[in-house]
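Reading the structure
In case you want the letters, here they are:
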Amino acid sequence: MSRREIREQVFKLLFRTDFHKEEELKEQQELFLEELGQEDKDTAYIQHKCEEIISRVAEIDAMVNEVAQGWKTSRMGKVDLTLIRLAVYEMKFEEDVPAGVAINEAVELAKSYGTDDSSSFVNGILAKLV
């Protein structure tokens, strides 16, 4: 898988976690990875990255809430919020992903999965965190 495809799969797995209880997350991850139909380093990376993001959700949300004027994470759409969390994680905790790349990838995913306004909303929030 390309980095873009991996990022998209991380997004999909992260999005899925918002709809399940914490004790169900492991099973949901296994089901998702089983649906991918692969057992390789990419699936291990997807799972690991998703777990890392989940472990830092409170910290990431606090960063977002500091800059999102009038939009707390509790009011954001699930797609937008998931993309923002993924991008913030990449910007702040992954040294090998430049901030511009993280933002661009989140905006592109927002165009595919979000509403008509998602890409500009995601871009606006992330730009304030650079």
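Above this text sits the structure in question.
Residues numbered from 1 in each chain as written. Predicted model: local features only at pLDDT ≥ 70, side-chain atom pairs only at ≥ 80, totals over all residues. Heavy atoms only, no water.

Let's shift gears to the pattern of salt bridges. Under the defined criterion, the tally for this structure stands at eleven salt bridges. A salt bridge links Arg7 to Glu90; the shortest N-O distance between them is 2.9 Å. Of the two residues, Arg7 is situated in helix H1 (residues 3-17) and Glu90 in helix H5 (residues 78-93); the sequence distance between them amounts to 83 residues. The partner of Asp61 in a salt bridge is Arg85, with the nearest N and O atoms 2.7 Å apart. Taken together, the residues Asp61 in helix H4 (residues 57-67) and Arg85 in helix H5 connect sequence positions 24 residues apart. Each member of the pair Asp61 and Arg85 is classed as buried. Salt bridges sharing partners connect three or more residues here, namely Arg4, Arg7, Lys49, Glu90, Glu94 and Glu105. (Salt bridge = Lys/Arg side-chain N within 4 Å of Asp/Glu carboxyl O. Helix = DSSP H or I, 4+ residues; strand = E, 2+ residues; numbered from the N terminus. Buried < 20%, exposed > 50% of the residue type's maximum accessible area, 1.4 Å probe, protein only.)

What follows deals with the packing of aromatic side chains. Scanning the entire structure with this criterion turns up five aromatic pairs. Judged by centre distance (5.1 Å) and plane angle (50 degrees), the rings of Phe11 and Tyr113 are tilted. One end of the pair, Phe11, is in helix H1; the other, Tyr113, is in helix H6 (residues 99-113), with 102 residues separating them in the sequence. Judged by relative accessible area, which is 31%, Tyr113 ranks as partly exposed. By way of ring pairs, the aromatic residues Phe11, Phe15, Phe19 and Tyr113 are connected into one cluster. Positioned above the aromatic ring of Phe93 is the side chain of Arg56, whose terminal nitrogen or guanidinium carbon lies 4.1 Å from the ring centre. It is Arg75 that lies over the ring of Trp71; its NZ or CZ is 4.5 Å from the centre. (Phe/Tyr/Trp six-rings, centres within 6.5 Å; stacked < 30°, edge-to-face > 60°. Lys NZ or Arg CZ within 6 Å of the ring centre and 35° of its normal.)

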